[in-house]
Amino acid sequence: MADLLTHMLVAFSLATVAGWRLEWLDRPWAVVAAGGAAIPDLVKLELVLDSSTVGDAVGLSLTYAPFSTLGGVLLVAGVITLAFDRRQWPRVYGLLFAGGLSALALDGMRVFADGRASAWLYPFTNWRPPTPSLYVSADPRILVIALLGTAVVLLVDRRLTAG
């Protein structure tokens, strides 16, 4: 689950930095973006709830794999947006989508055996873009880097908002 936390920390940090320019983008909205970064990791539901069990319960063939695609982020962000006040829908959807997109971009930089990222642009294309193979998901150093980066962003944010 370090991958999930890394995704959320990066999205939170990016939204916090964007908030330095966008007056409306304060801490609660940065948290919404961090929540959006969790959308592609919904694929990990498979670890606790087998997709075939859920599929049998609803009478459909089901897989969690589309959650970790652009189409999955677009769809799930829309569903989550419906839980918010209607006046906030454009802002919520945009932040959820941005957070999910940042997580997909991070996943696109992971090491893959064949040198190509997953087809995260689905359903728009099945093309698997090349990956720079920068890190392995299970490497704890990536989480440490994300934690340190977030700490720096929060320290700078505190100084900027205090003055």
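Because the structure is predicted, anything quoted here is derived from the model rather than measured.

**Some remarks on the overall build of the chain**
Point 1. Regarding its fold elements, the chain presents 6 helices and 0 strands.
Point 2. In the chain, the succession of helices and strands from N to C terminus is α-α-α-α-α-α.
Point 3. A compact globule built from 163 residues should have a C-alpha radius of gyration of about 15 Å, and the chain, at 17 Å, falls within 12% of that.
Point 4. Seen through its C-alpha atoms, the chain measures out along the principal axes to roughly 55 × 40 × 30 Å.

**With respect to helix α4 (residues 70–81)**
Point 1. The terminal C-alpha atoms of α4 lie 16 Å apart, and with 12 residues this matches the ideal 16 Å at 1.5 Å per residue to within 8%.
Point 2. Those residues of α4 that sit buried are Leu70, Gly71, Gly72, Val73, Val76, Ala77 and Thr81.
Point 3. Contacts made by the buried residues of α4 are with α5 (89–107).

**Re the nonpolar core**
Point 1. Counting 21 residues, the largest nonpolar core has Trp29, Val32 and Leu95 as the members making the most contacts within it.
Point 2. Looking at this core, the elements that each hand over two or more residues are α1 (2–18), α2 (27–36), α4 and α5.
Point 3. Ignoring any residue separated from it by four or fewer positions in sequence, one finds Leu95 in contact with Trp24, Leu25, Trp29, Val32 and Ala33.

**With respect to α5**
Point 1. Here α5 contains 19 residues, and its C-alpha end-to-end distance of 27 Å stays within 8% of the 27 Å for a straight helix at 1.5 Å per residue.
Point 2. By the burial criterion, the buried members of α5 are Val92, Leu95, Leu96, Gly99, Gly100, Ser102, Ala103, Leu104, Leu106 and Asp107.

**Let's talk about the pattern of salt bridges**
Point 1. Per the stated rule, a full pass over the model turns up 8 salt bridges.
Point 2. A salt bridge links Lys44 to Asp41, with the nearest nitrogen and oxygen atoms 2.9 Å apart.
Point 3. Look at Lys44 and you get partly exposed, because its relative accessible area is 23%.
Point 4. Salt-bridge contacts for Arg141 lead to Asp139; the nearest nitrogen and oxygen are separated by 2.8 Å.
Point 5. On the basis of relative accessibility, which here comes to 18%, the residue Asp139 falls in the buried class.
Point 6. Several salt bridges converge on common partners, so that one network encompasses Asp3, Asp41, Lys44, Asp107 and Arg110.

**Some words on the packing of α2 against α5**
A pair of packed helices can be characterised by two numbers: the angle between their axes and the separation between those axes.
Point 1. Contact pair α2 / α5: the axes reach a minimum separation of 6 Å and the direction vectors enclose 50°. When the axes of α2 and α5 are compared, the pair comes out oblique. As for how α2 packs across α5, the hand of that crossing is right-handed. Here Trp29, Val32, Ala33, Gly35 and Gly36 of α2 lie close against α5, whose contacting residues are Arg91, Val92, Leu95, Leu96, Gly99 and Gly100.
Point 2. A class-by-class count of the residues in the contact of α2 with α5 yields 6 nonpolar, 4 polar and 1 charged.

**Quick word on the side chain of Ser102**
Point 1. Turning to its location among the elements, Ser102 is positioned in helix α5.
Point 2. Setting aside chain neighbours within four positions, we find Ser102 in contact with Ala11, Leu14 and Ala37.

**Quick look at unusual backbone geometry**
Point 1. Across the junction of Tyr122 and Pro123, the peptide omega takes the value 10°, indicating a cis bond.
Point 2. Relative to the assigned elements, Pro123 resides in the loop between α5 and α6 (140–162).
Point 3. Positive phi, normally seen in glycine, also occurs at Ser133, with a value near 50°.
Point 4. For Ser133, a relative accessible area of 31% corresponds to the partly exposed category.

**Remarks on the packing of aromatic side chains**
Point 1. Applying the stated criterion across every chain, the model contains 1 aromatic pair.
Point 2. Here the aromatic rings of Tyr64 and Phe67 are separated by 6.1 Å at their centres, their planes lie at 15°, and the arrangement is stacked.
Point 3. A relative accessible area of 22% places Phe67 in the partly exposed class.
Point 4. Of note, Arg91 hangs over the ring of Trp29, and the distance from its end group to the ring centre comes to 5.2 Å.

Conventions adopted
Residues numbered from 1 in each chain as written. Predicted model: local features only at pLDDT ≥ 70, side-chain atom pairs only at ≥ 80, totals over all residues. Heavy atoms only, no water. Helix = DSSP H or I, 4+ residues; strand = E, 2+ residues; numbered from the N terminus. Rg over C-alpha atoms; globule rule 2.2 N^0.38 Å. Expected span 1.5 Å × (residues − 1). Buried < 20%, exposed > 50% of the residue type's maximum accessible area, 1.4 Å probe, protein only. Contact = heavy atoms within 4.5 Å. Core = buried A, V, L, I, M, F, W, Y, C linked by side-chain atoms within 4.5 Å. Salt bridge = Lys/Arg side-chain N within 4 Å of Asp/Glu carboxyl O. Axes fitted to C-alpha atoms, helices over the stretch in contact; angles between N-to-C directions. Parallel < 35°, antiparallel > 145°, perpendicular 65-115°, else oblique. Left-handed = near helix turned anticlockwise from the far one by under 90°. Nonpolar A, V, L, I, M, F, W, Y, C, P; charged D, E, K, R; others polar. Phe/Tyr/Trp six-rings, centres within 6.5 Å; stacked < 30°, edge-to-face > 60°. Lys NZ or Arg CZ within 6 Å of the ring centre and 35° of its normal.

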